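# Close look at the chain arrangement
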Amino acid sequence: MTPAFLDESKALACVHCGLCLSSCPTYLETGNENDSPRGRIYLMRAIQAGKLGVDAEPVKHVDLCLGCRACETACPSGVQYGTLLEETRDHIEKHHKRSVFQTVLRRWIIERVFPFPWRTSVALLPVRVLRFLRLDGLLPGFARSMLELVPQRLAKRKLEAKRLAKGEAKGDVGFIEGCVMQVMFGETNESSAELLQRDGWNVVTPREQGCCGALYAHGGQLEKARECARKNIAAFEGTPLEAIIINAAGCGSTLVEYGELLKDDPAWADRAKAFSAKVKDLVSWLDEGGVKPTGDCSRVTYHDACHLCHAQGISTEPRRLVQARAGGEFVELTESDLCCGSAGSYNLTEPEMAERLQTRKVQNIIDSGAEVVVTTNPGCLLQIQSGLKKAGADHVRAVHIADYLKDEKG
Amino acid sequence: MRWIQTIPPDVKPSLQKTMVDRLASVVGRDAVISQESELVVYECDAYTMQKNLPTAVVLPATVEEVVQVVRVCNELGLPIIPRGAGTSLSGSVLAVDGGVMIALTRMNRILNIDVRNRRALVEAGCVNAWITREASPHGLFFAPDPSSQPACTIGGNIATNSGGPHTLKNGVTTNHVLGYEIVLPDGSLKWLGVGPDGGEDVEGYDLRGAAIGSEGMFGVVTRALVRLVKTPASFKTFLAVFDSVDQASHTVSDIIAAGIVPAALEMMDQVITRALEEAYKVGFPLDAGAVLIVELDGLPGGVEHQAKQVEAICAKNNAREVRLAKDDAERAALWKCRKRAFGAVGRLSPNYVTQDGVVPRSKVPTIMQFIREVSEKHQLRIPNVFHAGDGNIHPLILFDERDPDQVKRALLAGDEILTKCVELGGSVTGEHGIGAEKIDFMEKQFTKDDLEAMKKLRAVFDPDQRCNPHKMFPGAKRCAEFAQKKQVAV
């Protein structure tokens, strides 16, 4: 008998109605019930019940899950799929032997490089050299497609420990810099801080903060995720803050779940809950009253980052902000809440499905006729930017909402 | 591991490698599922009381592939089971005795929206709600709206002649499918009803209605030509709150008696409204005995007039409150709740079985009283959410499959309720179908001659009874463990 790794009561909340099926990007692509949320929960329960081993087939289908949690939005009975998935992945990583390639990729590249900004910087050095020498075309296919995800301009930047509000201050807010954000999208962090300052907030960015732990949690390394959580909770406990602001949806969804992650740790449970209660995505914190349309608005559309709309249930606020700035030039994107295939490190571990979803997303963007696509997560930005480039859609720009709003606000 | 059925040796999937190879040569290796570890998710649909593994599942991508798969199965004498999203609530796509499941989930495209002729050509695996999504910019929609519409497929809608809350005014699937393409069990391809390219007349006999509602026993539907209707010019959607189910039931009868045909007329009792309120926080009163959703649609003048009548009828029946959805967002929120009511029950209980009985509208209060008695007798909670306007009840019997005694009581309660529906002059299914679940009721509802006539019609399409076998008809072969499963079901 396999030791229980799933909370049975959570798994039993799935009444097998199937309403989640067509919200699932992988099911839409493969048509295979094993690649659907209902199917995966069935597999998880079969593993837990000892009917299936932690074998190649079920693991393949769990691996293929993006963790986008669109199924949670669709689910009428409130199944906490994200939690079930993380528990299952934790179990898989402990009991399933992976290929050397996947082990190196998961344990070394994803978990020991990306969560550390300086390591990511170092890792990206060769990319810069190759690009400078124009030798990137000589790499093998898989490496080239990974490389395509790295933006052409890397803007690394760290924020000062404290920035003062412009005009009269309403109070202090904490700011989470993110790992990928500060290395690849430093300018976006600048824009975010700038928007908060204009909105009347002092922006506090504690030096001691680190990775939010999302990459560990999604990859089935819950203990490591908990270590990250403890570090961040401690880092932000020093100053009284009105809120802790995050501008990356993927990190945000993990930060708001610290309470759940540390619920069994008596020393940290309450502190984690208090921390999570303060975490706010940038878009929910900004007051849209200050956003004004400009005369020369381009046609703009909005892509819902899964970890904002599905994991955190935030979809109206960003639209309101974008619409306010865009005047009448906003168009809805077909399948706007369908994952773009980025899904954290997914485009490294499951490149084929990631590319299928990238193509689907980019086609929808092109069909919308928009010249700007706004989103709220670095992973989505990288994925969509590289997809647009592959499709030759040079007329469309993908931008983070902070950069989009900052340009014209006020 | 009590929750998963152990597969007895006699129905263990035994598809030989050569058979897998033959299927794979048609659809490709990645489109054939034949390992037990991957078949397990196909052992049941949304009806989880009975489970059995299919021999294989194939995922064809084109009509031609479906034809070839059916021919291979024909040659090998294998049963075929057409499957869409597997949202059936009556075990319609249960592989009772194994067989090859043909899942149409890769054939899910909308091929054409013909705005001028108000119709759409879609593949059978197309999701119901997608048609309206694509048609709505043109001011059109696809009317049949089962609660599972965000996931269920047109092929499945045709198989069960699906209805939905708006059936009352708009009719069911058969009223909105002009024609369809079907692969018969011998592998021949036929188009029944209005053709995709011509006018709306049918050459020869109009056999369209024959396979609609045949529960996948006549062949595999691959494409359908569906009717699109104009989106109504205005809506008024009320939420009427009552202290008791009886008051709400009488209101339903009075509205219909007044000659009003609302677009929808839905009832939810207290347990359901509480579960929904917990899930969606739309402001349902927690202490109400029952609520009605009454939707009127049409030209603004007429809707206005009827709205006044409906309000008066509600008041006469002592409605505690009648709320009007003030905008599209509120209206959408109400419908979202209603359509997700079954699933929301997952918050109350690990398992439920949905019954789908029909009674004459005037007998709604009687059957509701009876359900309360059954609930008390078997000590099971039985909340109700249903299409009150057409007397189509959906009692949800809550149980925990880990407790065999509860399972037994749940099955008994369901039997008693459906038997009562027949006694009251109704039927044992409004829209979910007979499937594997309600076979025992066929003889209660139909005479021998009725059943013979149905079997004769089926024999025209499927003389060997290889297409979705062991469904609907009493006396169909059942696996030895079938009855035993019904008792234990875990």
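In this text, all values refer to a predicted model and were calculated from it rather than measured experimentally. Counting restarts for each chain: residues are numbered from 1 in the order of the written sequence. Lettering for chains starts from A, numbering for ligands starts from 1, and both go in the order in which the items are written. Given that this is a predicted model, residues contribute local features only at a pLDDT of at least 70 and side-chain atom pairs are listed and counted only at 80 or more, while totals for whole chains, interfaces and linings are drawn from all residues. In computing side-chain properties, one takes all heavy atoms of the structure into account and sets aside hydrogens as well as water.

### Regarding the overall build of chain B
Each helix and strand counted, chain B has 17 helices and 20 strands in total. For 490 residues, the compact-globule estimate of 2.2 N^0.38 gives 23 Å, and the C-alpha radius of gyration of chain B, at 23 Å, lies within 12% of that figure. Here, two residues are considered to be in contact whenever any of their heavy atoms come within 4.5 Å of each other. Counting only contacts in chain B whose residues sit at least 6 apart along the sequence, the fraction spanning at least 24 positions is 73%. When charges are counted, Lys and Arg are positive and Asp and Glu negative, with His and the chain ends excluded. A single reference atom marks each charge: NZ on Lys, CZ on Arg, CG on Asp, CD on Glu. Mean positive and mean negative side-chain charge positions of chain B (55 and 60 charges, respectively) differ by 1 Å. Helix numbering and strand numbering both begin at the N terminus, where a helix is a DSSP run of H or I of at least 4 residues and a strand a DSSP run of E of at least 2. For this measure, only C-alpha atoms enter the radius of gyration; the expected value for a globule follows 2.2 Å times N^0.38, where N is the number of residues.

### As for the overall build of chain A
Along the backbone of chain A there are 23 helices and nine strands. For every residue, the accessible area obtained with a 1.4 Å probe (protein chains only) is divided by the maximum for its type, and the residue is called buried under 20%, exposed over 50%, and partly exposed between those limits. Buried positions account for 62% of the 410 residues belonging to chain A. Partitioning the contacts of chain A with sequence separation of at least 6, the portion at a separation of at least 24 is 78%. All accessible-area figures derive from a Shrake-Rupley calculation using a 1.4 Å probe, and residue coverage is judged against the displayed protein chains alone. Counting only carbon and sulfur atoms, one obtains 54% of the accessible surface of chain A, whose full area is about 16000 Å².

### Some remarks on the packing of helix α21 (residues 351–368) of chain A against helix α22 (residues 378–390) of chain A
Think of two packed helices as two axes; the pair is described by the angle between the axes and how far apart they sit. All names here are of chain A. Note on method: axes are straight lines fitted to C-alpha atoms, helices fitted across the in-contact stretch only, with angles between N-to-C directions ranging 0 to 180 degrees. Between α21 and α22, the shortest axis-to-axis distance is 9 Å and the interhelical angle comes to 75°. Classed by the angle they form, the pair α21 and α22 counts as roughly perpendicular. Listed contacts from α22 to Ala354, Glu355, Gln358, Lys361, Val362 and Ile365 of α21 are Gln383, Ile384, Ser386, Gly387, Leu388 and Lys390. An angle below 35 degrees is treated as roughly parallel, one above 145 as roughly antiparallel, one from 65 to 115 as roughly perpendicular, and anything else as oblique.

### Some remarks on the state of the cysteines
Residue and element names in this part refer to chain B. A pair of sulfur atoms, both from cysteines and within 2.5 Å, is called a disulfide here. Throughout the structure, instances matching the rule amount to zero disulfides over all chains. The closest cysteine sulfur to the non-disulfide-bonded cysteine 314 is located on cysteine 337, 19 Å from its own sulfur. We classify cysteine 314 as buried; its relative accessible area is 1%.

### What about the sheet that holds strand β6 (residues 119–123) of chain B?
Residue and element names in this part refer to chain B. Ordered in space as β5-β6-β10-β8-β9, the five strands form an open sheet in which the pairing is antiparallel. Across the chains shown, the open sheet's two edge strands, defined by having one partner strand only, are β5 (110–114) and β9 (189–193). Here the average twist between neighbouring strands, direction ignored, is 10°. Relative to strand β10 (residues 220–227), strand β8 (residues 177–183) runs antiparallel, the two sharing six bridges. Across the sheet, glutamate 181 pairs through a bridge with arginine 223, a residue of β10. Along the sheet, helix α3 (residues 63–76) contacts β8, β9 and β10; its crossing angle with β10, the most-contacted strand, is approximately 145°. Between any two strands, pairing holds if DSSP finds at least two bridges.

### Here's the deal with the interface of chain A and chain B
Think of interface size as the accessible area that goes away when the parts come together; that is how it is often given. Listed per partner, the contact involves 36 residues of chain A and 48 residues of chain B. Each partner contributes to the roughly 3300 Å² buried at the junction of chain A and chain B, and carbon and sulfur atoms together form 57% of this total. Buried surface area refers to the total accessible area, computed with a probe of radius 1.4 Å, that the two partners give up upon joining, counted for both partners together. Of all residues in chain A, Leu19, Tyr42 and Lys51 of chain A give up the largest surface area on contact with chain B, accounting jointly for 20% of the area buried on that side. Salt bridges are defined by distance alone: a side-chain nitrogen of Lys or Arg within 4 Å of a carboxyl oxygen of Asp or Glu. Inspection of the region where chain A meets chain B yields three salt bridges.

### Some points on the pattern of salt bridges
All names here are of chain A. One pass over the structure, following the stated rule, counts 52 salt bridges over all chains. Where arginine 98 meets glutamate 93, a salt bridge forms, and the shortest distance between an N and an O atom there is 2.8 Å. What makes arginine 98 buried here is its relative accessible area of 15%. The exposure class of glutamate 93 is buried, given its relative accessible area of 14%. As a salt-bridge pair, glutamate 194 and arginine 198 come within 3.2 Å of each other at their nearest N and O atoms. One end of the pair is glutamate 194 and the other is arginine 198, both in helix α11 (residues 186–198) and four residues apart, which spans about a single turn. The class of glutamate 194 is buried, set by a relative accessible area of 18%. The network of salt bridges with shared partners includes Glu29, Glu335, Glu352, Arg356 and Arg360.

### Examining a nonpolar patch on the surface
On the surface, Val100, Val104, Trp108 and Ile109 of chain A cluster together into a nonpolar patch covering about 390 Å² of accessible area. In this structure, isoleucine 109 of chain A sits in helix α7 (residues 100–112). Patch criteria: residues need more than 30% relative accessible area and no salt bridge. Like-charged residues are merged within 9 Å; nonpolar side chains of Val, Leu, Ile, Met, Phe, Trp and Tyr are merged within 5 Å.

### As for unusual backbone geometry
Residue and element names in this part refer to chain B. Look at glutamine 465: it is not a glycine, yet its phi comes out positive at around 55°. A positive phi angle, close to 65°, is found at histidine 470, a residue other than glycine. Within the secondary structure, histidine 470 sits in the loop between α16 (448–461) and α17 (480–488).

### Here we look at the pairing of strand β13 (residues 264–269) of chain B
Residue and element names in this part refer to chain B. Where burial is concerned, most of β13 is hidden: six out of the six residues are buried. Bridge analysis of β13 against strand β14 (residues 290–298) gives six bridges, and the strand direction is antiparallel. In the sheet register, aspartate 269 faces β14, and the bridge partner there is alanine 290. One ladder, built from two bridges, connects β13 with strand β18 (residues 385–386); its direction is antiparallel. Across the sheet, residue methionine 267 finds its bridge partner in β18, namely phenylalanine 386.

### Some details on helix α13 (residues 222–237) of chain A
All names here are of chain A. If you check α13, its first and last C-alpha atoms are 22 Å apart, about what 16 residues at 1.5 Å a residue would give, namely 22 Å. Buried within α13 we find Leu222, Ala225, Cys228, Ala229, Asn232, Ile233, Ala235 and Phe236. Along the axis of α13, the buried positions cluster into a sector of 160°, meaning they face one direction only. Tucked inside the fold, the buried residues of α13 contact α6 (81–95), β2 (171–176), α12 (214–218), β4 (243–246), α15 (258–261) and α16 (269–278). The span you would expect from a helix comes to 1.5 Å times its residue count less one. What the arc describes is the spread of directions from the helix axis to the C-beta atoms.

### Some thoughts on the packing of aromatic side chains
Residues and elements named next belong to chain A. Ring pairs are drawn from Phe, Tyr and Trp, using the six-membered ring of Trp, whenever the two centres fall within 6.5 Å, and their geometry is named by plane angle: stacked under 30 degrees, edge-to-face over 60, tilted for the rest. Throughout the structure, instances matching the rule amount to four aromatic pairs over all chains. When the centroid spacing of 6.0 Å and the interplanar angle of 70° are considered together, the rings of phenylalanine 236 and phenylalanine 275 count as edge-to-face. Here phenylalanine 236 is found in helix α13, whereas its partner phenylalanine 275 is found in helix α16, with 39 residues between them in sequence. Phenylalanine 236 sits in the buried class, given a relative accessible area of 5%. Ring geometry for tyrosine 258 against phenylalanine 275: centres 5.1 Å apart, planes inclined by 20°, an arrangement best described as stacked. Highlighted residues: tyrosine 258 in helix α15 and phenylalanine 275 in helix α16, separated in sequence by 17 residues. You can call tyrosine 258 buried: its relative accessible area is 0%. Its end group placed over the ring of tryptophan 268, arginine 271 keeps NZ or CZ at 4.0 Å from the ring centre. A positively charged side chain is recorded as over a ring if its NZ (Lys) or CZ (Arg) lies within 6 Å of the ring centre. The angle to the ring normal must also be within 35 degrees. In this arrangement the basic side chain of arginine 325 is found over the ring face of tyrosine 404, its NZ or CZ atom lying 4.1 Å from the centre.

### Structural notes on the packing of helix α4 (residues 56–63) of chain A against α6 of chain A
Residue and element names in this part refer to chain A. Look at α4 against α6: their axes get within 11 Å of each other, and the N-to-C directions meet at 135°. Classified by the interaxial angle, the pair formed by α4 and α6 is oblique. By crossing handedness, the relation of α4 to α6 is classed as left-handed. On α6, the residues touching Val59, Val62 and Asp63 of α4 are Leu85, Thr88, Arg89 and Ile92. Gly is put with the polar residues, along with every residue not named as nonpolar or charged; the nonpolar set is Ala, Val, Leu, Ile, Met, Phe, Trp, Tyr, Cys and Pro, and the charged set is Asp, Glu, Lys and Arg. Split into classes, the residues belonging to the contact of α4 with α6 amount to four nonpolar, one polar and two charged. Helix crossings are classified by the rotation of the near helix relative to the far one: an anticlockwise turn of less than a right angle makes the crossing left-handed, while a clockwise turn makes it right-handed.

### A word on the environment of alanine 326 of chain A
Residues and elements named next belong to chain A. Within the secondary structure, alanine 326 is located in helix α19 (residues 316–326). Once the C-alpha coordinates of alanine 326 and cysteine 65 are considered, the two residues, 261 residues apart in sequence, prove to be 34 Å apart. In contact with alanine 326, other than residues within four places in its own chain, are Cys297, Val300 and Tyr404.

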